[in-house]
Amino acid sequence: MKTRQVIVVTDGDEFAKRTIEFVAEKVGGRCISQSFGNPSILSGEDLVSLIMQTPHSPVFVMFDDCGYLGEGAGETALKYVATHPNIDVLGAIAVASKTHQNEWTKVDVSIDGNGELTEYGVDKYGVAEMDVGKQNGDTVYCLDELSLPIVVGIGDIGKMGMKDHIKHGSPITLKAVELILERSKGYVK
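Please read these numbers as outputs of a predicted model, since none were measured by experiment.

> Can you walk me through the overall build of the protein in this structure?
The helix and strand tally for the protein stands at four helices and 11 strands. Here the C-alpha atoms of the protein give a radius of gyration of 14 Å, agreeing with the 16 Å that 2.2 N^0.38 yields for 189 residues. By its C-alpha atoms, the protein is 45 × 35 × 30 Å across when sized along the principal axes. By the burial criterion, 56% of the 189 residues in the protein qualify as buried. Excluding contacts between residues fewer than 6 apart, the proportion of contacts in the protein whose partners are at least 24 apart in sequence is 76%. Of the accessible surface of the protein, which amounts to about 8600 Å², a share of 51% is contributed by carbon and sulfur atoms. Where the 18 positive side-chain charges of the protein centre and where its 27 negative ones centre are 6 Å apart.

> What is the right way to read the nonpolar core from this model?
Ranked by internal contacts, the top residues of the largest apolar core, which has 27 residues, are Ile7, Phe60, Ile93, Val152, Ile154 and Val177. Put simply, the parts of the chain that give this core at least two residues each are β1 (4-9), α1 (14-26), β3 (59-62), β4 (87-95), β6 (109-111), β11 (151-154) and α4 (171-183). Among the elements that take part in this core, α4 stands out by supplying seven residues, more than any other. In this structure, Ile7 is in contact with Pro58, Val59, Phe60, Val61, Leu90, Gly91, Ile93, Val177, Ile180 and Leu181, ignoring residues within four places of it in sequence. Judged by nonpolar contacts, the second largest core, of 26 residues, contains Met52, Val59, Leu78 and Val81.

> I tried to follow the packing of α1 against α4 on my own but got confused; where do I start?
Axis separation between α1 and α4 bottoms out at 10 Å; the angle between their running directions is 50°. With respect to each other, α1 and α4 are oriented oblique. The handedness of the crossing between α1 and α4 is right-handed. Seen from α1, the contacting residues are Thr19, Ile20, Val23 and Lys26; seen from α4, they are Thr173, Leu174 and Val177. In terms of residue class, the contact of α1 with α4 is built from four nonpolar, two polar and one charged.

> I keep staring at the pairing of β11 and nothing clicks. Help me out?
Side chains on a regular strand alternate between the two faces of the sheet. Here β11 shows a buried face lined by Val151 and Gly153 and a second buried face lined by Val152 and Ile154. Pairing geometry for β4 and β11, over four bridges, is parallel. When the sheet's bridge partners are listed, Ile93 is paired in β11 with Val152. As paired elements, β6 and β11 share two bridges and run parallel to each other. Bridge pairing in β11 links Ser110 to Gly153.

> What should I look at first to understand the sheet that holds β11 in this one?
Sheets are built from strands paired through backbone hydrogen bonds, the pairs being either parallel or antiparallel. Reading across the sheet, the seven strands line up as β2-β3-β1-β4-β11-β6-β7 and stay open at both edges, with mixed pairing between neighbours. In the strand order of this sheet, the two ends are held by β2 (30-31) and β7 (117-118), each with one partner. Bridging between β2 and β3 involves two bridges; their strand directions are parallel. By the bridge assignment, Arg30 is partnered in β3 with Val59.

Thresholds, definitions, all that
- Residues numbered from 1 in each chain as written.
- Predicted model: local features only at pLDDT ≥ 70, side-chain atom pairs only at ≥ 80, totals over all residues.
- Heavy atoms only, no water.
- Helix = DSSP H or I, 4+ residues; strand = E, 2+ residues; numbered from the N terminus.
- Rg over C-alpha atoms; globule rule 2.2 N^0.38 Å.
- Buried < 20%, exposed > 50% of the residue type's maximum accessible area, 1.4 Å probe, protein only.
- Contact = heavy atoms within 4.5 Å.
- Areas by Shrake-Rupley, 256 points an atom, 1.4 Å probe, with all protein chains shown as cover.
- Lys, Arg positive; Asp, Glu negative; His and termini not counted.
- Charge placed at Lys NZ, Arg CZ, Asp CG, Glu CD.
- Core = buried A, V, L, I, M, F, W, Y, C linked by side-chain atoms within 4.5 Å.
- Axes fitted to C-alpha atoms, helices over the stretch in contact; angles between N-to-C directions.
- Parallel < 35°, antiparallel > 145°, perpendicular 65-115°, else oblique.
- Left-handed = near helix turned anticlockwise from the far one by under 90°.
- Nonpolar A, V, L, I, M, F, W, Y, C, P; charged D, E, K, R; others polar.
- Pairing = 2+ DSSP bridges.

Structure below.
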């Protein structure tokens, strides 16, 4: 069985879906649109089946715990997908949310609401936080348990005070994806 290269996204609401579909098309990838949901509905097994049906990589998959503290459906599915032998995760987009610092992950870099790289995590509006390399979010906790090549933190996908809206070309999400692809040694078009 062939391997698929995947970018995981820790947000699954309607804005995230539209933005990820847009960005996937822009970079020549595929979005598993059925992975959207707030919270995630599909199991890891279902997602792997859909991923393996895509004609080419990169494949974008959304995961969302809908604010559930601890491991929710999104994180359970994410862990299954990320550790599947036929899935090569190129990186993750760790999306900020209002979790009041209950759940967080380490990030290699973040992109703020102005599209600038920063060593600090960012909040859902794309404003840099006070902690270096720490991103708060509701579906991010398990990312530290996985061996991911790069984790990029961003604010709320497709939003951030309209700065990441599709009508503006979703520049922050696009930049996160381009950064992941650029840093992925094994990415094959």
